Amino acid sequence: MKAIFQTQYGSTDVLTCGEQAEPEITQQQILVENHAASINPRDWLIRSGKYQMQFAVPKFPLILGSDFAGVVVKVGGQVKNFKVGDSVYGMKNPKDGLGAYAQFVAVNEKSVDIKPSIISYQQAAATPLCGLTAWQALVNIAKLKAGQKVLVVGASGGVGSFAVQIAKALGARVDAVCGPNNMDMVKALGAEQVFNYKQDNFKAQLKDYQVIFDTIGRNGFEPYMKALTPGGIYVSTIPSPQNLKAQIKTTLLSKFLPTTKRIAMVLVKSSGQDLKRLSKLIEEQKVTPLIEHVFPLQEVAAAHDLSRSFRAKGKIILDIA
């Protein structure tokens, strides 16, 4: 099969477009003929050997990529919910083998869902990792409820753009932080007040949030703690030692003192069940995947460079079909 692979860590020069063996499937897996994949920051971190959980990365030759969308061409003997010909989408974590920068992807059926009929394969590939990160942070961890006030930091990026829409769809009041060029776009997604992170005093204007979801994590949790209400929660996408220590401490304290402001981290998990809930919001047109640019598979290096710039509005896609 056609694939992008690497045999060593390094810059974009290590990425090779060529032939690799089509993956075999287990009894619980399906084989997907892949039409599109997306670029995520962890792709270029893994590529360079700098991922924070590099120990979980598959061995060389390594095919990167978490998000995929395509058509089922083979099913394992114990697969119950999918059949050949189904249009599906999903994601694979490093421990699941990655492998989405390829013509075929083998994946456990529990990690996929039927592709929403109103979006393209490219839009579907833009959804799983970022959409699930936002869903799991806001719903599974923060327990976001209608009427609560939430702040999304980094609202114009892949995770942030999903977070604004999901929070709005769930009935929350959503404020956001992003760059000056993206403020109108973020308002259009559903944010009521948008703060320009380049203004030095913007943090002083933040207040009364039950949930703060920081998709960037550049400044850590300290600058945002005053903006949380008692019993509020700050959720970060960064699995740093500082965040881990604060998560353990505040979680324990909150059991005895409910007004404790908690710190938490979201480590996205492959979940067909969570993806199904996200699919429902997409079908209802309450959430729409945003795409910045579509690259052909062989231009993967340019796609990585754009992702590393942190200037993309939404997702960067690789066209594989």
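See the structure printed just above.
Computed from a predicted model, the values in this text were never measured in an experiment.

Q: Help me get a handle on helix H8 (residues 300-308), residues and values and all.
A: For H8, the full list of buried residues reads Val300, Ala303, His304 and Ser307. Here the buried residues of H8 occupy an arc of 100° about the axis, which is enough to place them on one side. Buried residues belonging to H8 abut strand S1 (2-5), strand S3 (29-39), helix H1 (41-48), strand S14 (291-296) and strand S15 (315-319). Of the residues flanking the end of H8, it is Phe310, one or two places downstream, whose phi is positive at about 55°.

Q: Quick one: what's the story with the nonpolar core, residue by residue and with numbers?
A: Counting 47 residues, the largest nonpolar core has Leu138, Val150, Val164, Ile166, Val186, Phe213 and Val235 as its most contacted members. A per-element tally of this core places helix H3 (residues 128-141) first, with seven residues. Once you skip the residues sitting within four places of it in the chain, Ile166 turns out to touch Gly131, Ala134, Trp135, Leu138, Leu278 and Val287. Residues Val79, Phe104, Val107 and Ala303 belong to the second largest nonpolar core, which totals 38 residues.

Q: Mind laying out the sheet that holds strand S8 (residues 149-153), listing which residues take part and the relevant values?
A: One key point about sheets: their strands pair by backbone hydrogen bonds, in either a parallel or an antiparallel sense. Ordered by their spatial adjacency, six strands build an open sheet running S10-S9-S8-S11-S12-S13, and the pairing between neighbours is parallel. In this open sheet, the two edge strands, each paired with only one partner strand, are strand S10 (193-196) and strand S13 (262-265). For this sheet the average axis-to-axis angle between neighbouring strands, irrespective of direction, equals 15°. One ladder, built from four bridges, connects strand S12 (residues 228-236) with S13; its direction is parallel. Note on S13: the bridge partner recorded for Ser236 is Met265. Against the sheet, helix H4 (residues 158-169) engages S8, strand S9 (173-178) and strand S11 (209-214), with an angle of about 170° to S8. Sitting on the sheet, helix H6 (residues 241-256) is in contact with S12 and S13, with an inclination near 130° to S13.

Q: I'd love a proper account of the packing of H3 against H4, names of residues and values included.
A: Between H3 and H4, whose axes approach to 8 Å, the crossing angle comes to 50°. As far as their axial angle goes, H4 and H3 are oblique. As for how H3 packs across H4, the hand of that crossing is right-handed. The segment H3 lies against H4, with Cys130, Gly131, Thr133, Ala134, Trp135 and Leu138 engaging Gly158, Val159, Phe162, Ala163, Ile166 and Ala167.

Q: Tell me about a nonpolar patch on the surface, residues and numbers included.
A: Residues Leu244, Ile248 and Leu252 make up a contiguous nonpolar surface patch of roughly 270 Å² in combined accessible area. Mapped onto the elements of the fold, Leu244 is located in helix H6. Using a relative accessible area of 40% as the deciding quantity, one classes Leu244 as partly exposed.

Q: An account of helix H7 (residues 272-283) is needed here, citing residue identities and associated values.
A: Residues spaced three or four apart along an α-helix face the same direction, because each turn holds 3.6 residues. Its 12 residues place the ends of H7 16 Å apart at the C-alpha level, agreeing with the 16 Å of an ideal helix rising 1.5 Å per residue. One or two steps after H7, the chain reaches Gln285, where phi turns positive at roughly 60°.

Q: Account for unusual backbone geometry, naming residues and giving values.
A: As a rule of thumb, non-glycine residues mostly have phi less than zero, and peptide bonds are mostly trans rather than cis. With an omega of -5°, the peptide bond running from Phe60 to Pro61 counts as cis. Within the chain, Lys143 stands out as a residue other than glycine whose phi angle is a positive 55°. Mapped onto the elements, Lys143 comes out in the loop between H3 and S8. A positive phi angle, close to 55°, is found at Phe310, a residue other than glycine. Tracing the chain through its elements places Phe310 in the loop between H8 and S15. Residue classification places Phe310 among the exposed residues on the basis of a relative accessible area of 52%.

Q: Run through the packing of aromatic side chains, naming residues and quoting values.
A: Applying the stated rule across the entire model yields four aromatic pairs. Where Trp44 meets Phe310, the ring centres are 5.8 Å apart and the plane angle is 75°; that geometry is what we call edge-to-face. On the criterion of sequence distance, the pair formed by Trp44 in helix H1 and Phe310 in the loop between H8 and S15 is long-range, its members being 266 residues apart. Grouping aromatic residues by their ring pairs yields a cluster made of Phe221, Tyr224 and Tyr234.

Rules used in this analysis
- Residues numbered from 1 in each chain as written.
- Predicted model: local features only at pLDDT ≥ 70, side-chain atom pairs only at ≥ 80, totals over all residues.
- Heavy atoms only, no water.
- Buried < 20%, exposed > 50% of the residue type's maximum accessible area, 1.4 Å probe, protein only.
- Helix = DSSP H or I, 4+ residues; strand = E, 2+ residues; numbered from the N terminus.
- Arc of directions from axis to C-beta.
- Contact = heavy atoms within 4.5 Å.
- Core = buried A, V, L, I, M, F, W, Y, C linked by side-chain atoms within 4.5 Å.
- Pairing = 2+ DSSP bridges.
- Axes fitted to C-alpha atoms, helices over the stretch in contact; angles between N-to-C directions.
- Parallel < 35°, antiparallel > 145°, perpendicular 65-115°, else oblique.
- Left-handed = near helix turned anticlockwise from the far one by under 90°.
- Patch = residues over 30% accessible without salt bridge, like charges linked within 9 Å, V, L, I, M, F, W, Y side chains within 5 Å.
- Areas by Shrake-Rupley, 256 points an atom, 1.4 Å probe, with all protein chains shown as cover.
- Salt bridge = Lys/Arg side-chain N within 4 Å of Asp/Glu carboxyl O.
- Expected span 1.5 Å × (residues − 1).
- Phe/Tyr/Trp six-rings, centres within 6.5 Å; stacked < 30°, edge-to-face > 60°.

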